[in-house]
There are 2 protein chains.
Amino acid sequence: MKCMSYEKFFEVFANETRLKIVESLVESNKNVSDICKSINEEQSKVSHNLKVLHDCNFITKERNGKHVFYSLNKTTIKPMLKIVDKHVHTFCKDNCVKKHENYIPR
Amino acid sequence: MKCMSYEKFFEVFANETRLKIVESLVESNKNVSDICKSINEEQSKVSHNLKVLHDCNFITKERNGKHVFYSLNKTTIKPMLKIVDKHVHTFCKDNCVKKHENYIPR
DNA sequence: ACATCATATGAAATGTATGTCATATGAGAA
DNA sequence: TTCTCATATGACATACATTTCATATGATGT
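Sequence order sets the numbering: in each chain, residues are counted from 1 along the sequence as written. Chains carry letters from A onward and ligands carry numbers from 1 onward, assigned in written order. Under the rules for a predicted model, residues below a pLDDT of 70 receive no local features and side-chain atom pairs below 80 are neither given nor counted, while totals for whole chains, interfaces and linings still include all residues. Values reported for side chains reflect all heavy atoms of the structure, with hydrogen atoms and water molecules removed beforehand.

1. Notes on helix α1 (residues 6-13) of chain B
- Each residue is placed in one exposure class: buried if its accessible area under a 1.4 Å probe, protein chains only, is under 20% of its type's maximum, exposed if it is over 50%, and partly exposed if it falls in between. A run of H or I in DSSP becomes a helix once it reaches four residues, and a run of E becomes a strand once it reaches two; helices and strands are each numbered from the N terminus. Of all 8 residues that make up α1 of chain B, 7 are buried, and the element is covered over most of its length.
- Taken together, the buried positions of α1 of chain B are Y6, E7, K8, F9, F10, V12 and F13 of chain B.
- On its buried face, α1 of chain B is in contact with α1 (6-13), α2 (16-27) and α5 (74-90) of chain A together with α2 (16-27), α4 (43-55) and α5 (74-91) of chain B. Residues are treated as being in contact if the distance between any of their heavy atoms lies within 4.5 Å.

This is the structure in structure tokens:
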């Protein structure tokens, strides 16, 4: 395992594809092709980004035959998403919150 | 004020300069030139990044004469840094943690 | 062994945030 | 008003992550 900087920590989540993967895995553990379906993204793209998440221990993997199942490190991710949620809702009170877009003007 | 995506939230912190600013402001509120001194970075660089932090309500500003004082939104940032800290220390047990560098091999 | 399904990886092109440098604005003092 | 200090902003070049496409590896079944 590798060591992580604070910067790296945030970089990992500063990406739409990886956030979609995380949200998909919040619902349930999945293998790669199910993740692809669930977030409607290409397999190689998903695999590349799974690697990033895995390298930083935000997800764990387990092979079962042909499939590789990924699951979340909920210890870190659940409370973190909660803080983000709270911040977004506190400072964006007119419910224009979008999970996967950049700034949206009022 | 503008609305924020999850992605944007993390992007803001996925930057060494902004993390240094945050850490400096954890210690104490400061005006711009004091921040520059404290983190040893150029003024325009700091100002650009203060703007990013401020636009997302991670810091507040208050002018006092010639100086502009910035202070942290501790509600969001303190618990968030705590989670990052915990993750880093849990998954990098051989105390090679660096706050402002990328991966370091074991 | 071979075919097929599932996943991982390499390399190259592209898009985008970041820093830099120059300049503008704002505030107080003289 | 003018000068200086303090901060903000605009625009451009660059560096870097991300995606894409092609291909490799791994596992199972026949």
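Anyway, onward from the coordinates.
2. With respect to the protein's contact with DNA strand C
- In the region of DNA strand C, 23 residues are neighbours, and S33, Q43, H48 and Y70 of chain A together with R18 of chain B sit closest.
- The sugar and phosphate moieties of DNA strand C supply 59% of its atoms located within 4 Å of the protein.
- For DNA strand C, a sugar or linking oxygen lies 3.3 Å from a polar atom in the backbone of K66 of chain A.
- Here a polar contact is taken to be a pair of N or O atoms separated by no more than 3.5 Å, where protein atoms must pair a possible hydrogen donor with a possible acceptor and residues adjacent in sequence count only if both atoms sit in side chains. The contact in question runs from a phosphate oxygen of DNA strand C to an N or O atom on the side chain of R18 of chain B, over 2.6 Å.
- Listed by contribution, the elements that provide at least two residues to the surface near DNA strand C are α3 (32-39), α4 (43-55) and β3 (67-72) of chain A together with α2 and α4 of chain B.
- Among the elements that make up the surface near DNA strand C, the one with the highest residue count is α4 of chain A (5 residues).
- As a working rule, the residues Ala, Val, Leu, Ile, Met, Phe, Trp, Tyr, Cys and Pro are called nonpolar, Asp, Glu, Lys and Arg charged, and the rest polar, with Gly in that last group. Taken together, the residues that form the surface near DNA strand C break down as 3 nonpolar, 13 polar and 7 charged. One heavy atom within 4 Å of a molecule or strand is enough for the residue carrying it to be called near that molecule or strand.

3. As for the sheet that holds strand β2 (residues 59-64) of chain A
All names here are of chain A.
- Spatial strand order, β1-β3-β2: 3 strands in an open sheet with antiparallel pairing. What marks the edges here is a single partner per strand, and that holds for β1 (30-31) and β2.
- Bridge analysis of β1 against β3 gives 2 bridges, and the strand direction is antiparallel. Considered in β3, the bridge of N31 is made with F69.
- To get an axis, fit a line to the C-alpha atoms, keeping to the stretch in contact for a helix; angles then go from 0 to 180 degrees between the N-to-C directions. Where α4 meets the sheet, its contacts fall on β2 and β3, and the angle it forms with β2 comes to roughly 120°. Any two strands with at least two DSSP bridges between them are considered paired.

4. Some thoughts on the protein's contact with DNA strand D
- Near DNA strand D there are 23 residues, and of these R18 of chain A together with S33, Q43, H48 and Y70 of chain B occur at the shortest range.
- Per the 4 Å cut-off to the protein, sugar and phosphate atoms form 58% of the nearby atoms of DNA strand D.
- Contact distances for DNA strand D include 2.7 Å between a base nitrogen and a side-chain N or O atom of Q43 of chain B.
- Between DNA strand D and the protein, one listed contact pairs a phosphate oxygen with a side-chain N or O atom of Y70 of chain B at 2.7 Å.
- At 5 residues, α4 of chain B tops the list of elements feeding residues into the surface near DNA strand D.
- Residues belonging to the surface near DNA strand D are distributed by class as follows: 3 nonpolar, 13 polar and 7 charged.

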